[in-house]
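Notes for the structure review
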Amino acid sequence: MNMEAKPLQFSGAANADAGTAETPPAMKKSGRARRFVRATALFAVLGVVAYFTYPWLAARWTHVFLDDARIAANMIAVSSEVSGRIISLPVIAGDKVVRGQVLATIDAASASQELKGLEAQVTGVKSQQDQLRSQQGFVRGQVAAKLQAAEAQIAAAQASHAAAEAALQNAQSQFDRVKALAGRNVLSAQQLEDSDARLAAATQQERLTAAGILTARANLEVVTAEEAQIGVLDQQIATLDAQVEALSAQIEQKRIDLGRRDIRAEFDGVIDSTFIDAGEYVSPGTRLLIYHDPSTVWVDANVKETDFRRLTAGAAAQITIDAYPDREFLGEVVRIGEAATSQFALLPSPNPSGNFTKVTQRLPVRISIEQQDGLLRPGMMVEVSIDVD
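Residues numbered from 1 in each chain as written. Predicted model: local features only at pLDDT ≥ 70, side-chain atom pairs only at ≥ 80, totals over all residues. Heavy atoms only, no water.

**Some thoughts on the overall build of the chain**
To keep it simple, the criterion reads: Secondary structure follows DSSP: runs of H or I at least 4 residues long count as helices, runs of E at least 2 residues long count as strands, and numbering of each begins at the N terminus. Burial classes follow relative accessibility: with a 1.4 Å probe on protein chains only, a residue under 20% of its type's maximum area counts as buried, one over 50% as exposed, and anything between as partly exposed. Whether two residues touch is decided by their heavy atoms; if any such pair falls within 4.5 Å, the residues are in contact. Computed with the Shrake-Rupley method and a 1.4 Å probe, the accessible areas treat only the protein chains shown as cover for residues.
Summing up its helical and strand segments, the chain has five helices and 14 strands in all. For the chain, the proportion of its 389 residues judged to be buried stands at 26%. Counting only contacts in the chain whose residues sit at least 6 apart along the sequence, the fraction spanning at least 24 positions is 81%. Approximately 25900 Å² of the chain is accessible, and the part contributed by carbon and sulfur atoms is 55%.

Structure below.
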């Protein structure tokens, strides 16, 4: 039986032949479909991500976000300007007050007594002035009378002196004639002696009247010196005028002090906190309470220096308040700080050791906001988005 020999085939060669075999069309279609589905899904995911992230990215590019801002207001601390005991404190935290309303009353009894004492001193000083003016009038009258009398005395002395001079001349003439006649032995020696005696008497009388003129003039000078007493009294009255002015200033100060015993509100507002109770003693500078005007509020924020260059005054801002997350408030940048907040730190760090850690600084920014139904309270946390586009 003839058997036909067949060549041996190896498995490797068979596999090679199989690899070179043509892929069926169905399998090619299914691979392309899977790749298309994967690409479509990827583009769809990228589209969804872009759809949801684009607004966030655009907002980050065109806005500056701050999440540590606060509502602020003018918090007015009311302090005592005088010393005394608080006798009334009619307000507590949360009370609304109007301008002119009494917030606290300080005991005024001691100040009132001091005021009365000063007024009594003024009355006493004015009485002294009246007394000096009366004395001045009396002295002025006396001096006027004495001046008149002295002038009359001078006039009388001058008249007496003139008469004495005339008598002296007459006695001198008689003596000269008697002497001439006695030399010719017409008159006796006794007559010459009598004439000489009359001449001596006339001379003495003239000297006496001349001395009377000097005495009268000396009396006039004495009266004139007494007239200077009027000027002394004027100076004393002027000194008392200065005392009255000083006491009047003290009285006015005491009246101001009394006016400060009733501490009143300077504007319509709301009480934030009180620090004392009725019955406590306070001194000048003691804080009594704090209040603010709720209609005037704003937002204080600190912006990073890397974002600061993007801000401008007047930029619009959207404000979200943590207490009212469902409401949005609008505002605008009204003031931009001129120095970083680190410059106002209580403990500045000059870095003397040379170790330095760079920290992004912040600068203050004020943003306006309108009060709505009294909802905005100082200290509330807010989030701010400032449009810098």
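From this point, the narrative continues.
**Brief notes about the packing of helix 3 (residues 109-183) against helix 4 (residues 189-259)**
Relative placement of two packed helices is described by the angle separating their axes and the distance separating the axes. To keep it simple, the criterion reads: Note on geometry: axes are C-alpha line fits, over the in-contact stretch for helices, and angles between N-to-C directions span 0 to 180 degrees. Oblique is the label for any angle not under 35 degrees, not over 145, and not in the 65 to 115 range, which are roughly parallel, roughly antiparallel and roughly perpendicular in turn. Under the scheme applied here, ten amino acids are nonpolar (Ala, Val, Leu, Ile, Met, Phe, Trp, Tyr, Cys and Pro), four are charged (Asp, Glu, Lys and Arg), and all others, including Gly, are polar.
The N-to-C vectors of helix 3 and helix 4 enclose an angle of 170°; their axes lie 6 Å apart at closest approach. When the axes of helix 3 and helix 4 are compared, the pair comes out roughly antiparallel. Broken down by class, the residue content of the contact of helix 3 with helix 4 amounts to 35 nonpolar, 24 polar and 20 charged.

**Brief notes about unusual backbone geometry**
What is expected of a backbone is that most residues other than glycine have negative phi and most peptide bonds are trans. Despite not being glycine, Asp373 shows a phi value in the positive range, around 55°. Of note, Asp373 is situated in the loop between strand 13 (362-368) and strand 14 (381-387). Residue Asp373 is classed as exposed on the basis of its relative accessible area of 70%.

**Some details on the sheet that holds strand 10 (residues 297-304)**
Defined as follows: When DSSP locates at least two bridges between a pair of strands, those strands are taken to pair.
Taken in spatial order, the six strands line up as 1-10-13-12-11-14 and close into a barrel, and their pairing is antiparallel. When the angles between neighbouring strand axes are averaged without regard to direction, this sheet yields 40°. Two elements, strand 1 (residues 63-73) and strand 10, share four bridges in a ladder whose sense is antiparallel. Each bridged residue has a counterpart across the sheet, and for Arg70 the counterpart in strand 10 is Asp300.

**Digging into helix 3**
Definition in use: By this rule, a helix spans an expected 1.5 Å times one less than how many residues it contains.
Between its first and last C-alpha atoms helix 3 spans 108 Å; for 75 residues at 1.5 Å apiece the expected length is 111 Å, and the two agree. Within two residues after helix 3, Asn185 carries a phi angle of roughly 65°, on the positive side.

**Let's talk about the pairing of strand 14**
The pairing of strand 1 with strand 14 spans six bridges and is classified as antiparallel. Bridging from a neighbouring strand, Phe65 pairs with Ser385 of strand 14. Direction of pairing for strand 11 (residues 316-321) relative to strand 14: antiparallel, over a ladder of five bridges. Within the sheet, the bridge partner assigned to Gln318 lies in strand 14 and is Ser385.

**Describing the side chain of Ser385**
Within the secondary structure, Ser385 is located in strand 14. Look at Ser385 and you get buried, because its relative accessible area is 11%. In this view, Ser385 contacts His63, Val64, Phe65, Ala316, Ala317 and Gln318; residues no more than four positions away in its chain are not counted.

**Some words on the nonpolar core**
Condition: What we call a nonpolar core is a set of buried Ala, Val, Leu, Ile, Met, Phe, Trp, Tyr and Cys residues that are connected through their side-chain atoms within 4.5 Å.
Among the nonpolar cores identified, the biggest contains 27 residues, and Ile71, Val299, Ile319, Ile321, Ile367, Val384 and Ile386 are the most heavily contacted of them. Dropping the residues within four chain positions of it, Ile367 is found in contact with Trp298, Val299, Ala317, Ile319, Gly331, Glu332, Val333, Val334, Val384 and Ile386. Val82, Ile86, Leu89 and Val91 belong to the second largest nonpolar core, which has 17 residues in total.

**Focus on the pairing of strand 5 (residues 102-106)**
The buried fraction of strand 5 is high, at four of five residues. Looking at chain direction, strand 3 (residues 84-88) and strand 5 are connected through two bridges and run antiparallel. Counterpart to Ser88 in the pairing with strand 5 is Thr105. Where strand 5 lies against strand 6 (residues 262-264), three bridges are found, and the strand directions are antiparallel. Residue pairing for strand 6: Val102 is matched across the bridge by Arg264.

**Notes on the packing of aromatic side chains**
How two aromatic rings sit relative to each other is given by the distance of their centres and the angle of their planes. The condition that has to hold: Geometry of aromatic contacts follows a simple scheme: Phe, Tyr and Trp rings, the Trp one being its six-membered ring, pair when their centres are within 6.5 Å, and the pair is stacked under 30 degrees between planes, edge-to-face over 60, tilted otherwise. We call a charge positioned over a ring when the NZ of a Lys or the CZ of an Arg lies within 6 Å of the ring centre and within 35 degrees of the ring normal.
The full count for this structure, using the stated rule, is one aromatic pair. Its guanidinium or amino end placed over the ring of Phe275, Arg287 lies 4.3 Å from that ring's centre, counting from NZ or CZ.

**What to know about the confidence of the model for the chain**
Going by this rule: One confidence number per residue, pLDDT, is output by the predictor and ranges from 0 to 100.
Model confidence for the chain is summarised by a mean pLDDT of 82, while 85% of its residues fall at 70 or above. Confidence drops under a pLDDT of 50 for residues 1-21, and excluding neighbours within four residues, the segment shows zero contacts in the predicted structure.

**A few points about the environment of Asn74**
Here Asn74 is to be found in the loop between strand 1 and strand 2 (76-79). Distance in space between the C-alpha atoms of Asn74 and Val297 is 7.8 Å, their sequence separation being 223 residues. Residues within four places of Asn74 in sequence aside, it is in contact with Tyr291, His292, Asp293 and Trp298.

**Some words on the sheet that holds strand 9 (residues 287-292)**
Spatially, 2-9-7-4 is the arrangement adopted by the four strands of the open sheet, whose pairing is antiparallel. A strand with exactly one partner marks an edge of an open sheet, and here the two such strands are strand 2 and strand 4 (96-97). Taken together, the four bridges between strand 2 and strand 9 define a ladder with antiparallel strand orientation. Across the sheet, residue Ser79 finds its bridge partner in strand 9, namely Arg287.

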